[in-house]
Amino acid sequence: MTKYTCPMHPQILKDEPGKCPLCGMNLIPLGGTARPEKDERSHHHQNHDHHSESDSSAAGFDKHAGHHTSDFLKRFWITLVLSVPVLLLSHMIQQWLGFTIAFQGDKYVLLVLGSIIYFYGGMPFFKGFLGEVKAGAIGMMTLVALAITVAYVYSVAVVFGLPGMDFFWELATLIVIMLLGHWLEMRSQMAASKALQSLVALLPNDVTVERNGSPVKIKLEQLKNGDTVIIRPGEKIAADGLIVEGSSYLNESMLTGESVPVRKEAGGKVIAGSINGDGALKIKATGVGKDSYLNKVINLVQDAQAAKSNTQNLADKVAKWLTIVAIVVGVGTFAYWYITMGDLAFALERMVTVMVTACPHALGVAIPLVVAISTTLSATNGLLIRNRTAFETTRKLSTIIFDKTGTLTKGSHTVQKIIPLTEHYSENDLLQYAAAVQQNSEHHIAKGIMQTLSEKKLELWKSDNFRYMQGIGVTGIVNGKSVVAAGPNYFVQNNKQVPAIPEEINQDAETVNFILIDDVPVGIVSLADTIREGAKEAIDQLRSMNIKSFLLTGDNEKVAAAVSKQLGMDGYLANVLPHHKQEKVKEFQDKGEIVAMTGDGVNDAPALAAADVGIAVGSGTDVAAETADIILVNSDPRDVVKMIDFGKKTYSKMIQNLVWAVGYNVVAIPLAAGVLYPTYVLSPAMGAVLMSVSTIVVALNASLLKIK
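The rules behind these values
Residues numbered from 1 in each chain as written. Predicted model: local features only at pLDDT ≥ 70, side-chain atom pairs only at ≥ 80, totals over all residues. Heavy atoms only, no water. UniProt positions renumbered as here; feature names shortened; annotations may be inferred. Helix = DSSP H or I, 4+ residues; strand = E, 2+ residues; numbered from the N terminus. Contact = heavy atoms within 4.5 Å. Phe/Tyr/Trp six-rings, centres within 6.5 Å; stacked < 30°, edge-to-face > 60°. Buried < 20%, exposed > 50% of the residue type's maximum accessible area, 1.4 Å probe, protein only. Lys NZ or Arg CZ within 6 Å of the ring centre and 35° of its normal. Pairing = 2+ DSSP bridges. Axes fitted to C-alpha atoms, helices over the stretch in contact; angles between N-to-C directions.

Under an unreviewed UniProt entry, the name given to the protein is Copper-exporting P-type ATPase B, and the organism recorded is Chryseobacterium taklimakanense. Under the UniProt heading Sequence similarities (unreviewed entry), the note attached to the protein is "Belongs to the cation transport ATPase (P-type) (TC 3.A.3) family. Type IB subfamily."

Student: What exactly am I supposed to notice about the environment of Tyr120 here?
Tutor: With respect to the helices and strands, the residue Tyr120 is situated in helix 4 (residues 106–134). Linking Tyr120 and Ile78, residues 42 residues apart in sequence, is a C-alpha distance of 9.0 Å. Every residue in contact with Tyr120, bar those within four places of it in the chain, is listed here: Lys74, Arg75, Ile78 and Thr79.

Student: Looking at this model, I keep getting lost on the packing of aromatic side chains. Mind explaining?
Tutor: Two descriptors summarise a pair of aromatic rings, namely the distance from one centre to the other and the angle between the planes of the rings. Counted under the stated rule, the structure contains 17 aromatic pairs. Taking the centre distance of 6.1 Å and the plane angle of 50° together, the rings of Phe391 and Phe646 count as tilted. Here Phe391 is found in helix 13 (residues 388–393), whereas its partner Phe646 is found in helix 22 (residues 638–673), with 255 residues between them in sequence. Given the relative accessible area of 2%, Phe391 is considered buried. Since its relative accessible area comes to 1%, Phe646 is described here as buried. A network of ring pairs unites the aromatic residues Tyr118, Phe119, Phe126 and Tyr152 as a single cluster. The ring centre of Tyr651 lies 3.5 Å from the NZ or CZ of Arg395, which sits over that ring. We note Lys591 situated over the ring of Phe588; from NZ or CZ to the ring centre the distance is 5.4 Å.

Student: Looking at this model, I keep getting lost on the sheet that holds strand 25 (residues 630–632). Mind explaining?
Tutor: Consider a sheet: its strands pair through backbone hydrogen bonds, and that pairing is either parallel or antiparallel. The seven strands lie next to each other as 13-25-24-23-14-21-22, forming an open sheet whose pairing is mixed. In this open sheet, the two strands that pair with only one neighbour each are strand 13 (383–385) and strand 22 (571–573). Each strand of the sheet is rotated relative to its neighbour by a mean of 20°, with strand direction disregarded. Where strand 13 lies against strand 25, three bridges are found, and the strand directions are antiparallel. Following the sheet pairing, Leu384 is matched in strand 25 by Ile631. Seen against the sheet, helix 22 touches strand 13, strand 14 (399–403), strand 23 (595–599), strand 24 (613–617) and strand 25 and runs at an angle of roughly 140° to strand 25.

The structure is reproduced here in structure tokens:
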């Protein structure tokens, strides 16, 4: 009975098709009870599953669907062994090397061996040819199948009496070289996905949970949200969760690119796949299986690899036209040489050579290999690519707009001053009213006020009718009074005079929050944020790349100007409400700028969507920033520079591969057609060698892609 398994979690075995309980991916058949090799299973999924669901068109057909690397290698070795007697019995080889082997019926031995090589060695190409025809996507497999079929049919005809010399040795060497070339290509593709496989391998097979006060070991797929997981020193974290007991240093480098272990204590969040240090932890699981950060990263990487960018679409179009050109030139070459020389064998040889040499093999891997390597490499360095077209656009950016709080600053505002504006309320009164109305808010100002209330050990009053006023402040009922905690925008919105701000408040560095009770300003709470480490360096690096940077904030003009000046930015936009941020982005675009918006991915959503490149920074375990094109897991502004630099390198590799793949054909096709005849004639086997070498060069060039 056929078993079904998950391509990413081989420990999952089911009797029926369905979804993986760990990651939600479709289960695939094992083809019996035998379990395929890990590399092959991952390759089959990556190169078949995605395309079959999303790209059944000509551009998306997968020439290797249904084949494994071991299958190509096995066919290669068998055909190689069979090719030795074929070469020894071929009259052409005997003439070249000056020896003779002949016996009664030797041509029939050649026919049998050549037929085995043709049908057995050529089978992957025939299957690929049928797949291309069904998908309306004639390409490389079509060319190879046509070339070896022409060579085989002609050779059979010669055996049975057609005047001429057979092509069996060319056919044998051609198939051997093509099988080797495909095996090398598939190995390169699997090497490109090793980073993704290493992400999958981060999850343990077993996990220890607490049941009725005692530790119990269970399988990972049995783990549920809400379970208390026991993590011993050195063990892998099995699920996203909250630490309920213990403290330790966690290694999250494979997930975030941060090489330094991070200290985690009770109440802190942990990510599935990170490795525990020397402390013992108890964790309440909150993200199991498909809900985990790790699984979302894997899905994002897979989606990015399956999606096609503008450059990939260009490569597909070039490959399609190259196939058409190869067929036309091949037929034209045959007609020319047959008409001018009358030598059927020579004319057929030239046609076969053109078709084999012109196979868009290198074009077929030029972009996908770079895509596979760049997406997995970026994911393990904290850069998650959701939109590949936008990722390519990063190389053309001229302006980057940074949301201030949480992006360039730490976003952890601390209370600096509490100033009563009337004698009826003390500092503690103002703090308690402000905390009461802010307690239901997640804003950085609210967190700063709540932190100060906790430090002063003051009572937290109850509040009712809470309402968040986007970009303005909060309001509610406290002790029967209407309380508003808001910035200057509140007064602008309501056409009121902004109260005078005492000189003791440094407006260049402090954010002002007014406290109003029954619509009367009764006090001011000032808070200050701190610049993120690396923000100044990031802005300096952007300037060296000729990219302008602007600060966007809802804070007042003085704070915005101070931060902008401190970082050396090109300008700032202050007092901007969240729903106006999108308009500011469009204003830059209207001036012809290629704009990236960098924000927290929540209240910056409209602006992120409007920008040419939307970058969500500091999303942490929340990788579901749906409006962002690229998610930077860490909150380091320097990652923006890293992303742009990596985008340029990735695009450069794509162009290099395209130039090589197309340039090779510009030189090779005329040689195959015989333009240098009789000075030099390119044989079908040598054409196959050149085609395979061009593919290997492209694969090696893609593998040189690195991220700093």
